[in-house]
There are 2 protein chains.
Amino acid sequence: MATQVEPRPRDRNPLTKERVLQAAVELADRGGLEVLTMRNLARELGAEAMSLYYHVANKEAVLDGVLDVVMGEINEAVSKVDGPAAGEDWKTLMRARILAAREVLLGHRWAPRVIETRTSISPATMRYFDEVLGVLRSGGFSYDLAHHAMHALGSRALGFTQELFEPENSHEGDEDIAGAMAEMADHFPHLTGMMIEVAHDDPDSTLGWCDDQFEFEFGLDLILAGLDGLRKTG
Amino acid sequence: MATQVEPRPRDRNPLTKERVLQAAVELADRGGLEVLTMRNLARELGAEAMSLYYHVANKEAVLDGVLDVVMGEINEAVSKVDGPAAGEDWKTLMRARILAAREVLLGHRWAPRVIETRTSISPATMRYFDEVLGVLRSGGFSYDLAHHAMHALGSRALGFTQELFEPENSHEGDEDIAGAMAEMADHFPHLTGMMIEVAHDDPDSTLGWCDDQFEFEFGLDLILAGLDGLRKTG
DNA sequence: ACCTGAACACCGTTCAAGT
DNA sequence: ACCTGAACACCGTTCAAGT
């Protein structure tokens, strides 16, 4: 009769808070936020959902935790730009740091939505914004102006913006596209005018034509330039 | 034996899509997004949850619908500023319109979170952004620059920004506040420095001291000024 | 100390059935 | 045409119980 020869891998790899959070990040990366359920997360770890509660208080704690992991990655990424950009002016440094943070967030597309729902700020997030404030201060900002500056940047300071028009490619009724265009031109003359011009300049891209990265940098540079002006005059 | 004398009010007030959506908006206004469930919504209307599905496809359709109601309110509100602000420059007009939109959103605090999750844009939203584009065009913006401008404004064009630090007033361990402050000063020197200065200037408000409306207008004016500069030069 | 089974109170939704 | 009851496949979570 064969007895247990090997302990199951699980036995040598007990659950920890860190393993739970790491698995949660990977699960969200792979399947998005809606597949990140306690039951799925447990299955991922070869355990039962209820076992998770020994290591995390509840699902809110999981969400706090995965965000902390991401913010840790961001802090690590931005720390690497601090050295090379040491002698630079505040604007160049801030820009490089924010784009580095954005790079990390692009690897965790679900993270902004978690940020939005957080009710408290983790130490890692505090550290990030403390450093943002530090960069502003080193550029000569008063606390008061720096405070407004951080609000003005908002989520852009972390490398993301609220996208209002996610393409998601509907294309429901491709056939009556001419009629739809005509009706659209009636109701939304400016938007159609813009799209016509875009289609004319670059016939390949009628929709899904927005370059997110370009637009992010455009808006970021606009705000940074504006803040730099206020710094000098006020 | 008493027979039915009066028809129940429900009989004279059958469900319609409009009634469902109106009730959904009121429910969310009262209890927030998490109480807006199909079952609660049905109870609100004196019906069963399953009855709703005769009038709306599913919950996504309800969310699309409530946002459409809000966007309708916004379009109505901004249309009232168009008249008085007729002769104004684009920046003044845009500012007034956006602040009017914000006013509406402040009455539906849950709306931004619904906006973020929408996958398609309703006609009412299209109309709003068509008019935003119209204002930019009337100010002399090229389609190209106007397009970047709309991205730069982002959700600010609708009157809201992603708040990163909702106060929510934790105040967990009020007793050891001095020790906590000291430790915080170690880890987050700039943030504590800022808070100390704020507390010094205005001793009443240690936390919850951010004036959302002021910060919104500050950021908005910064962007509008920046865009106006680009409009003139390029 | 660490994990689990059964159970509870919710979700959104389908489908056949009522009037 | 309009509404509903019963049922399904999910949630997060508690609690007593296992090792």
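An account of the accompanying structure is given in this report. Fair warning: this is a prediction, and the values are worked out from it, not measured in the lab.

Comments concerning the overall build of chain A
Consideration 1: Within chain A one finds twelve helices and zero strands.
Consideration 2: In chain A, the order of α-helices and β-strands from amino to carboxyl end is α-α-α-α-α-α-α-α-α-α-α-α.
Consideration 3: Accessible surface computed for chain A: about 12700 Å², of which carbon and sulfur atoms make up 52%.

Looking at the protein's contact with DNA strand D
Consideration 1: The full set close to DNA strand D counts 15 residues, and Arg39, Tyr53 and Lys59 of chain A together with Ser51 and His55 of chain B are the nearest of them.
Consideration 2: Among the atoms of DNA strand D close to the protein, meaning within 4 Å, 62% are from sugar or phosphate groups.
Consideration 3: The backbone of Met38 of chain A places a nitrogen or oxygen atom 3.1 Å from a phosphate oxygen of DNA strand D.
Consideration 4: Here a phosphate oxygen of DNA strand D and a backbone polar atom of Lys59 of chain A are 2.8 Å apart.
Consideration 5: Contributing elements (two or more residues each) for the surface near DNA strand D: helix 3 (38-44) of chain A together with helix 4 (49-52) of chain B.
Consideration 6: Here the surface near DNA strand D is built from residues that sort into eight nonpolar, four polar and three charged.

Describing a negative patch on the surface
Consideration 1: Negative charge collects at one region of the surface, where Asp144 of chain A together with Glu197, Asp201 and Asp202 of chain B lie side by side.
Consideration 2: Positionally, Glu197 of chain B belongs in helix 11 (residues 189-201).

Re the interface of chain A and chain B
Consideration 1: Taken together, the contacts link 51 residues of chain A with 52 residues of chain B.
Consideration 2: Buried surface at the junction of chain A and chain B, summed over both partners, amounts to about 4700 Å²; 72% is from carbon and sulfur atoms.
Consideration 3: Summed over the shared surface of chain A and chain B, the result is eight residue pairs in polar contact (both at pLDDT 80 or more).
Consideration 4: Of all the secondary structure elements, the ones that give two or more residues to the side of chain A that touches chain B are helix 7 (111-117), helix 8 (123-138), helix 9 (143-153), helix 10 (177-187), helix 11 (189-201) and helix 12 (212-233) of chain A.

Points about the nonpolar core
Consideration 1: Judged by nonpolar contacts, the single largest core of 146 residues is most densely connected at Leu41, Ile74 and Tyr128 of chain A together with Leu41, Ile74 and Tyr128 of chain B.
Consideration 2: Not counting residues up to four positions away in its chain, the partners in contact with Leu41 of chain B are Val20, Ala23, Ala24, Leu27, Leu36, Leu52 and Val62 of chain B.

Some details on helix 11 of chain B
Consideration 1: Taking 1.5 Å per residue, 13 residues should reach 18 Å; helix 11 of chain B reaches 18 Å between its end C-alpha atoms and fits that length.
Consideration 2: Those residues of helix 11 of chain B lying buried are Leu191, Thr192, Gly193, Met194 and Val198 of chain B.
Consideration 3: Looking at the buried side of helix 11 of chain B, the elements it contacts are helix 8 and helix 9 of chain A together with helix 10 (177-187) of chain B.

With respect to the relation of the copies chain A and chain B
Consideration 1: Under the fitted operation, chain A is carried onto chain B by 0.0 Å of movement along the axis and a turn of 180°, and the coordinates agree to an RMSD of 0.0 Å. A rotation of that kind, with that shift, is consistent with a two-fold axis.
Consideration 2: When the interface residues of chain A are mapped onto chain B, 100% of them again fall at the interface, so both copies present the same face.

Thoughts on the packing of helix 12 of chain A against helix 12 (residues 212-233) of chain B
Geometry of a packed helix pair, given as the angle between the helix axes and the separation of the axes.
Consideration 1: Here helix 12 of chain A crosses helix 12 of chain B at 100°, and the two axes come no closer than 9 Å. One finds that helix 12 of chain A runs roughly perpendicular with respect to helix 12 of chain B. Only Phe218, Leu222, Ile223, Gly226, Leu227 and Leu230 of chain B of helix 12 of chain B make contact with helix 12 of chain A, whose side of the interface consists of Phe218, Leu222, Ile223, Gly226, Leu227 and Leu230 of chain A.
Consideration 2: For the contact of helix 12 of chain A with helix 12 of chain B, the per-class residue count stands at ten nonpolar, two polar and no charged.

A word on a nonpolar patch on the surface
Consideration 1: A cluster of nonpolar side chains, Ile177, Met181 and Ile196 of chain A, forms an exposed patch at the surface whose accessible area comes to about 280 Å².
Consideration 2: With respect to the secondary-structure elements, Met181 of chain A resides in helix 10.

A look at the protein's contact with DNA strand C
Consideration 1: Among the 15 residues in the neighbourhood of DNA strand C, the closest are listed as Ser51 and His55 of chain A together with Arg39, Tyr53 and Lys59 of chain B.
Consideration 2: Considering DNA strand C, the proportion of its atoms within 4 Å of the protein that are sugar or phosphate atoms stands at 59%.
Consideration 3: Separating a phosphate oxygen of DNA strand C from a side-chain N or O atom of Tyr53 of chain B is a distance of 2.9 Å.
Consideration 4: Among the secondary structure elements, those contributing two or more residues to the surface near DNA strand C are helix 4 (49-52) of chain A together with helix 3 (38-44) of chain B.
Consideration 5: The class makeup of the residues in the surface near DNA strand C is eight nonpolar, four polar and three charged.

A short note on helix 6 (residues 90-106) of chain B
Residue and element names in this part refer to chain B.
Consideration 1: Here helix 6 spans 24 Å end to end across 17 residues, near enough to the 24 Å set by a 1.5 Å rise per residue.
Consideration 2: Restricting attention to buried positions, one finds in helix 6 the residues Trp90, Leu93, Met94, Arg97, Ile98, Leu99, Ala100, Ala101, Arg102, Val104 and Leu105.
Consideration 3: Residues of helix 6 that are buried sit in contact with helix 5 (59-82), helix 7 (111-117), helix 8 (123-138) and helix 12.

A few points about the pattern of salt bridges
Residues and elements named next belong to chain B.
Consideration 1: Per the counting criterion, the structure on display carries 22 salt bridges over all chains.
Consideration 2: Note that Arg97 and Asp82 form a salt bridge whose closest N and O atoms lie 3.0 Å from each other. Taken together, the residues span a long stretch of sequence, with Arg97 in helix 6 and Asp82 in helix 5 at a distance of 15 residues.
Consideration 3: Under the relative-accessibility criterion, Arg97 is labelled buried at 2%.

Here's the deal with the packing of aromatic side chains
Consideration 1: Within this structure, the stated rule accounts for six aromatic pairs over all chains.
Consideration 2: Each ring, one from Trp90 of chain A and one from Phe141 of chain A, has its centre 4.9 Å from the other, and the planes form 80°; the classification is edge-to-face. You can see Trp90 of chain A sitting in helix 6 (residues 90-106) and its partner Phe141 of chain A sitting in the loop between helix 8 and helix 9, a full 51 residues away along the chain.
Consideration 3: Judged by relative accessible area, Trp90 of chain A falls into the buried class, the value being 4%.
Consideration 4: Between Phe214 of chain B and Phe218 of chain B, the ring centres sit 6.5 Å apart and the planes meet at 25°, which makes this aromatic pair stacked. Here the residue Phe214 of chain B and the residue Phe218 of chain B both occupy positions in helix 12, the gap between them amounting to four residues, near one helical turn.
Consideration 5: On the basis of relative accessibility, which here comes to 42%, the residue Phe214 of chain B falls in the partly exposed class.
Consideration 6: For Phe218 of chain B, a relative accessible area of 16% puts it in the buried group.
Consideration 7: The aromatic ring of Phe216 of chain A is capped on one face by Arg156 of chain A, whose charged end is 5.9 Å from the ring centroid.

What counts, and at which threshold
- Residues numbered from 1 in each chain as written.
- Chains lettered and ligands numbered in written order.
- Predicted model: local features only at pLDDT ≥ 70, side-chain atom pairs only at ≥ 80, totals over all residues.
- Heavy atoms only, no water.
- Helix = DSSP H or I, 4+ residues; strand = E, 2+ residues; numbered from the N terminus.
- Areas by Shrake-Rupley, 256 points an atom, 1.4 Å probe, with all protein chains shown as cover.
- Near = heavy atom within 4 Å.
- Polar contact = N/O pair within 3.5 Å; in protein donor to acceptor, adjacent residues only side chain to side chain.
- Nonpolar A, V, L, I, M, F, W, Y, C, P; charged D, E, K, R; others polar.
- Patch = residues over 30% accessible without salt bridge, like charges linked within 9 Å, V, L, I, M, F, W, Y side chains within 5 Å.
- Salt bridge = Lys/Arg side-chain N within 4 Å of Asp/Glu carboxyl O.
- Lys, Arg positive; Asp, Glu negative; His and termini not counted.
- Charge placed at Lys NZ, Arg CZ, Asp CG, Glu CD.
- Contact = heavy atoms within 4.5 Å.
- Buried area = accessible area lost by both parts, 1.4 Å probe.
- Core = buried A, V, L, I, M, F, W, Y, C linked by side-chain atoms within 4.5 Å.
- Buried < 20%, exposed > 50% of the residue type's maximum accessible area, 1.4 Å probe, protein only.
- Expected span 1.5 Å × (residues − 1).
- Least-squares fit on C-alpha atoms with pLDDT ≥ 70 in both.
- Axes fitted to C-alpha atoms, helices over the stretch in contact; angles between N-to-C directions.
- Parallel < 35°, antiparallel > 145°, perpendicular 65-115°, else oblique.
- Phe/Tyr/Trp six-rings, centres within 6.5 Å; stacked < 30°, edge-to-face > 60°.
- Lys NZ or Arg CZ within 6 Å of the ring centre and 35° of its normal.

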